[in-house]
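In case you want the letters, here they are:
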Amino acid sequence: MKKLLLIILVFSYPSIKLFCQSNKGTLSLSIGPSFPLGNYAKTDQANNLSGYSKAGESINISFNYKLNNGVVFEAMLYGERNGLNTKAFANQFSEAGFFTFYGDPRYYSNWTIDKKSWNVESLLLGVTRHWPIGKPNGRISILAKTLLGLAYVQSPELNANSKTDTSYVILHQNNASAIGTSFLLSAGVEYRLSKKIGIVFSCDYFGTTQILFKNITEGIAATNGGLRVPEIYSLPNSESTPIAESFTANSKQTIISINIKLGICFTL
């Protein structure tokens, strides 16, 4: 997420410089937790659209610019990261039968899954509305925004292994990246501390169209017939020739999440 924040700040600089030349611009930074929804959060092994994602974090930098007709234009750089549900993967791998090509399915326990994450970066454009509460220039305003854009999504790499007294298994699935259409709907509240600074609380609904990840390869290899030397976990330590299999296919995923954010805004 630190790398993502740096990228957002670098690409934001030209817009910040532009808005600083006008009194109509507002810059805001918001962060908070991200909660995946729908298939993106599911862990159903029978559902090939399950994303196995967990609660993560979200960040965005927004630029509001009031046009002459009163419409408030907004540009947003958005980032989201959701970790893999490694516990669900470990439980399912322990119950799954592998290597059916070699005969009866083989079962392995004690799986360890590396921590990896889904990463989403999006540029969105749209409009924002402000409704002051009480006085026209009061401190509190209700906010609503509708934004559309493009998202760059990186699927997580999957690395897992199983170790028992008589076996050692390694499983690997490569990551991939793709671009899709994104949208964001948001409602929130802004409280002005002064004419220049305010605090913003928002609830954002972020989503993408179904994104296609090409050439996802999953491979698994295991010792065969036990370990020649106990507790030496490597494929060459297999009593018989190790066994392996792999397959390559495309994968699809729709990113949907609810994000609760707290931020700060500056009138430029």
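Because the structure is a prediction, the values reported are computed rather than measured.

Definitions and cut-offs
Residues numbered from 1 in each chain as written. Predicted model: local features only at pLDDT ≥ 70, side-chain atom pairs only at ≥ 80, totals over all residues. Heavy atoms only, no water. Helix = DSSP H or I, 4+ residues; strand = E, 2+ residues; numbered from the N terminus. Buried < 20%, exposed > 50% of the residue type's maximum accessible area, 1.4 Å probe, protein only. Contact = heavy atoms within 4.5 Å. Areas by Shrake-Rupley, 256 points an atom, 1.4 Å probe, with all protein chains shown as cover. Pairing = 2+ DSSP bridges. pLDDT = per-residue confidence, 0-100. Axes fitted to C-alpha atoms, helices over the stretch in contact; angles between N-to-C directions. Phe/Tyr/Trp six-rings, centres within 6.5 Å; stacked < 30°, edge-to-face > 60°.

A look at the overall build of the chain
Part 1: Across its full length, the chain carries two helices and 13 strands.
Part 2: Counting over 268 residues, the chain shows a buried share of 42%.
Part 3: Pairs at least 24 residues apart make up 72% of the contacts formed inside the chain by residues separated by at least 6 positions.
Part 4: Accessible area of the chain: about 14,500 Å², with a carbon and sulfur share of 59%.

Examining the pairing of strand β6 (residues 140–154)
Part 1: Bridge analysis of strand β5 (residues 117–132) against β6 gives 14 bridges, and the strand direction is antiparallel. Bridged to Pro132 within β6 is Ser141.
Part 2: Bridge count for β6 against strand β9 (residues 177–192) is 15 bridges, and the pairing is antiparallel. In the strand pairing of β9, Ser141 is matched with Glu190.

Here's the deal with the environment of Phe99
Part 1: Along the polypeptide, Phe99 turns up in the loop between α2 (86–95) and β4 (111–113).
Part 2: Among the residues examined, Phe99 registers a relative accessible area of 1% and is labelled buried.
Part 3: With 145 residues separating them along the chain, Phe99 and Ala244 place their C-alpha atoms 7.6 Å apart.
Part 4: Not counting chain neighbours up to four residues away, the residues in contact with Phe99 comprise Asp104, Arg106, Tyr108, Ile220, Ala221, Ala222, Ile243, Ala244 and Glu245.

Here's the deal with the confidence of the model for the chain
Do not read the fine detail of predicted coordinates wherever pLDDT is low.
Part 1: Across the chain, the average pLDDT comes to 89, with 90% of residues at or above 70.
Part 2: Element-level pLDDT for the chain is lowest in helix α1 (residues 2–19), with a mean of 45, against a maximum mean of 97 in strand β8 (residues 168–173).
Part 3: Counting interchain partners and residues more than four positions distant, the pLDDT-below-50 stretch residues 7–22 has 21 contacts.

Describing α2
Given 3.6 residues to a turn, an α-helix orients residues that are three or four positions apart in the same direction.
Part 1: Taken together, the buried positions of α2 are occupied by Thr86, Ala88, Phe89, Ala90, Gln92 and Phe93.
Part 2: Where the residues of α2 are buried, they touch β4, β7 (158–163) and β8.

With respect to the sheet that holds strand β12 (residues 238–253)
Part 1: Strand order in this open sheet of five strands is β4-β7-β8-β11-β12, and the pairing throughout is antiparallel. Since the sheet does not close on itself, it has two edges, and those belong to β4 and β12, each with one partner. Here the average twist between neighbouring strands, direction ignored, is 15°.
Part 2: The strands touched by α2 within the sheet are β4, β7 and β8, with β4 carrying the most contacts at an inclination of about 150°.

Observations regarding the packing of aromatic side chains
Part 1: Applying the stated criterion across every chain, the model contains 14 aromatic pairs.
Part 2: Note on Phe89 and Phe93: the rings are 5.6 Å apart at their centroids and 40° apart in plane angle, and the pair reads as tilted. Taken together, the residues Phe89 and Phe93, both in helix α2 and four residues apart, mark about one turn of the helix. Each member of the pair, Phe89 as well as Phe93, is classed as buried.
Part 3: Here Phe98 and Tyr108 contribute two aromatic rings whose centre-to-centre distance is 6.3 Å and whose plane-to-plane angle is 45°, an arrangement assigned as tilted. With a gap of 10 residues between them, Phe98 in the loop between α2 and β4 and Tyr108 in the loop between α2 and β4 connect regions that are remote in the sequence. Taken individually, Phe98 and Tyr108 each receive the classification buried, so the pair is uniform in this respect.
Part 4: Connected via pairs of aromatic rings, a cluster forms that spans Tyr52, Phe89, Phe93, Phe98, Phe99, Phe101, Tyr102, Tyr108 and Trp111.

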